[in-house]
Amino acid sequence: MKLKKSYEYIIIGSGFGGAFAAYNLAKAGKEVLVIERGKWAVRDDSCWDERRLHIENPLYRGFTPVNVDQKKGKIEEDWPDDTVGGMSTFYGAAAFRMREDDFLGAPIPGSYERDKISEWPFGYKELAPFYDEAERLQGVAGIKGADIFEPARKKDYPHAPPKNLAFSSKLVKDSAEEIGLHPFHIPLAINFSGKYGKEKCILCDKCDHYICKIEGKNDLSVSVLPKAIEYGATVLADTRAIKINISNNQAKSVDIIDHSTGESLTIKTKRVIVACGALSTPHLLLSSGIGGAADSGELIGRYLMRHTNGVISGLFPFKTNPRSEFQKQIAITDFCYGSFDKKSEPKGNWGIIQDFQMPGKEVLKEFS
């Protein structure tokens, strides 16, 4: 690939923000360069090998660790996995839409109110058509209206989820219904029908935390980025953006380094889109000196960027997934906005309960 000295648009990061931006800009005839610090995923047996992916010299471990305060005052290094497509290659493909209230600001602990300081400048209604398009491009499987707190939508999902549930998922569904809850199929960006992406999902237990060997999971490197490339976008993998160069309050160029050769380059541009994740995006902006400007610095880290989640697991006297099936299938939103009567503590949102594909026993042993 011959790299040019200048591009109309430079997009930093090839995850959800970067991939969809690249697709739409390239489709509109714009000249686009996507800079991604990760490599293209290799689709071989390593995809389903948990030791190679997560334990023994992880194949896609990045070059830039994050210092995390795991416990009060105890700082530990966290090494993210970097791939073209961002974390969509490893994630479990859940494709929920944010709720209408999520755009009204972060929940205030101990109340049903929202923090207006973090309220978005636009709401769900403006984004709904873009959700439709994103779900189409990723071939999301779901059932319209099954989620009792589903945000308003006009279109159905592009295709349907599998009719048969895994053993453990059926247990969750049946038990939830017995106590009056409303379980439903998690909307998933997985090629269950064989009409989206490249290969039909085989419903194995190597999805969440794994890269899909057969490309049945419609991650962005399978579903969206190839379409952007067809329209003329260039994806520069294994390359890290070091600094955005600013002049007269405008981005003029981006300094990059090629991980494979160590070569440093500066690429000129008219526009820069920074989409490299909840931690790396503010880091790059601040290290480029952009956070010092009052009109931009006050926005960095201000709005909702990710979900907060916890995992509950248990031990059973029987195999919960005896046939090693895909089991991330069921969700429950009955408690999304707290208790039904608004009297039970704590006050405020309790969130969504999801059936979860547990990591393999090797990973659990290593990190327990």
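Quick note: structure is the one above.
The rules behind each value
Residues numbered from 1 in each chain as written. Predicted model: local features only at pLDDT ≥ 70, side-chain atom pairs only at ≥ 80, totals over all residues. Heavy atoms only, no water. Helix = DSSP H or I, 4+ residues; strand = E, 2+ residues; numbered from the N terminus. Rg over C-alpha atoms; globule rule 2.2 N^0.38 Å. Buried < 20%, exposed > 50% of the residue type's maximum accessible area, 1.4 Å probe, protein only. Areas by Shrake-Rupley, 256 points an atom, 1.4 Å probe, with all protein chains shown as cover. Pairing = 2+ DSSP bridges. Axes fitted to C-alpha atoms, helices over the stretch in contact; angles between N-to-C directions. Contact = heavy atoms within 4.5 Å. Parallel < 35°, antiparallel > 145°, perpendicular 65-115°, else oblique. Nonpolar A, V, L, I, M, F, W, Y, C, P; charged D, E, K, R; others polar. Expected span 1.5 Å × (residues − 1). Bend = angle between axes of the 7 residues up to and from the residue. Polar contact = N/O pair within 3.5 Å; in protein donor to acceptor, adjacent residues only side chain to side chain. Salt bridge = Lys/Arg side-chain N within 4 Å of Asp/Glu carboxyl O. Core = buried A, V, L, I, M, F, W, Y, C linked by side-chain atoms within 4.5 Å.

(A) How the structure looks around the overall build of the protein chain. Secondary structure summary: the protein chain contains nine helices and eleven strands in total. Taking 368 residues into account, the globule formula puts the C-alpha radius of gyration at 21 Å, and the protein chain, at 21 Å, falls close to it. Along the three orthogonal principal directions, the C-alpha set of the protein chain runs to about 60 × 50 × 45 Å. Across the 368 residues of the protein chain, 42% fall into the buried class. Carbon together with sulfur atoms contributes 54% to the accessible area of the protein chain, which is approximately 20,500 Å² in total.

(B) View of the sheet that holds strand β7 (residues 239-247). If you trace the six strands from one edge of the open sheet to the other, you get β6-β2-β1-β9-β8-β7, paired in mixed fashion. The open sheet has two edge strands with one neighbour each: β6 (234-236) and β7. Along the sheet, successive strands turn relative to each other by an average axial angle of 40°, direction set aside. Examined bridge by bridge, β7 and strand β8 (residues 250-258) share eight bridges and lie antiparallel to one another. Paired with Thr239 across the strands is Asp258, a residue of β8. With respect to the sheet, helix α1 (residues 16-27) is in contact with β1 (6-12), β2 (32-35) and β9 (264-274), its orientation differing from that of β1 by roughly 150°. Taken strand by strand, helix α7 (residues 280-287) contacts β1, β7 and β9, and its axis lies near 45° from that of β7.

(C) A look at unusual backbone geometry. Geometrically, the link from Glu345 to Pro346 is a cis peptide bond, its omega value of -5° lying close to zero. Structurally, the position occupied by Pro346 is in the loop between β10 (330-332) and β11 (353-354). The residue Ala93 is not glycine, and still its phi comes out positive at about 75°. Among the secondary structure elements, Ala93 is positioned in the loop between β4 (74-78) and α3 (124-138).

(D) Spatial organisation of the side chain of Ser88. Position of Ser88 relative to the elements: it lies in the loop between β4 and α3. You can call Ser88 buried: its relative accessible area is 1%. In contact with Ser88, other than residues within four places in its own chain, are Phe16, Lys217, Asp219 and Leu220.

(E) The pairing of β9, seen in detail. Across six bridges, β1 lies against β9 in parallel orientation. In the strand pairing of β9, Ile12 is matched with Val274.

(F) Representation of the packing of α1 against α3 in the model. For the pair α1 and α3, the least separation of the axes is 12 Å and the interaxial angle reads 90°. With respect to each other, α1 and α3 are oriented roughly perpendicular. Residues Phe16, Phe20 and Tyr23 of α1 form the contact with α3, whose participating residues are Glu133, Ala134, Arg136, Leu137 and Gln138. Of the residues in the contact of α1 with α3, the class split is five nonpolar, one polar and two charged.

(G) Summary view of α3. Look at α3: 20 Å from first C-alpha to last across 15 residues, which is about the 21 Å you get at 1.5 Å a residue. Residue Phe130 marks the point of greatest curvature in α3, where the axis turns by about 30°. Buried residues of α3: Tyr124, Ala128, Tyr131, Asp132, Ala134, Glu135, Leu137 and Gln138, and no others. Residues of α3 that are buried in the fold lie against α1, α5 (220-223) and α6 (225-230). Positive phi shows up at Gly139, right after α3, with a value of about 60°.

(H) Main features of the side chain of Asp219. Structurally, Asp219 can be placed in the loop between β5 (184-185) and α5. At 3.3 Å, the side chain of Asp219 forms a polar contact with the side chain of Arg43. Beyond its immediate sequence surroundings of up to four residues, Asp219 is in contact with Arg43, Ser88, Thr89, Gln138 and Val224.

(I) Just the pattern of salt bridges, in detail. Counted according to the given criterion, the structure contains 20 salt bridges. Asp205 is paired through a salt bridge with Lys206; the nearest N and O atoms lie 3.1 Å apart. Because the salt bridges share partners, they merge into one network encompassing Arg43, Lys198, Glu215 and Asp219.

(J) Summary view of the sheet that holds β5. Ordered by their spatial adjacency, three strands build an open sheet running β5-β10-β11, and the pairing between neighbours is antiparallel. Since the sheet does not close on itself, it has two edges, and those belong to β5 and β11, each with one partner. When β5 meets β10, the two strands line up antiparallel, connected through two bridges. Counterpart to His185 in the pairing with β10 is Ile330.

(K) Seen up close, the nonpolar core. Of all hydrophobic cores here, the largest spans 20 residues; its most connected members are Ile11, Phe20, Ala22, Val32, Val34 and Val224. Where this core is concerned, the elements lending two or more residues are β1, α1, β2, α3 and α6. For this core, the element with the most residues is α1, which contributes seven residues. If sequence neighbours within four positions are ignored, Ile11 has contacts with Gly18, Ala21, Ala22, Leu25, Val32, Leu33, Val34, Ile35 and Ile273. Core analysis: the next-biggest nonpolar cluster, separate from the first, contains 16 residues, Ala141, Tyr157, Leu188 and Phe192 among them.

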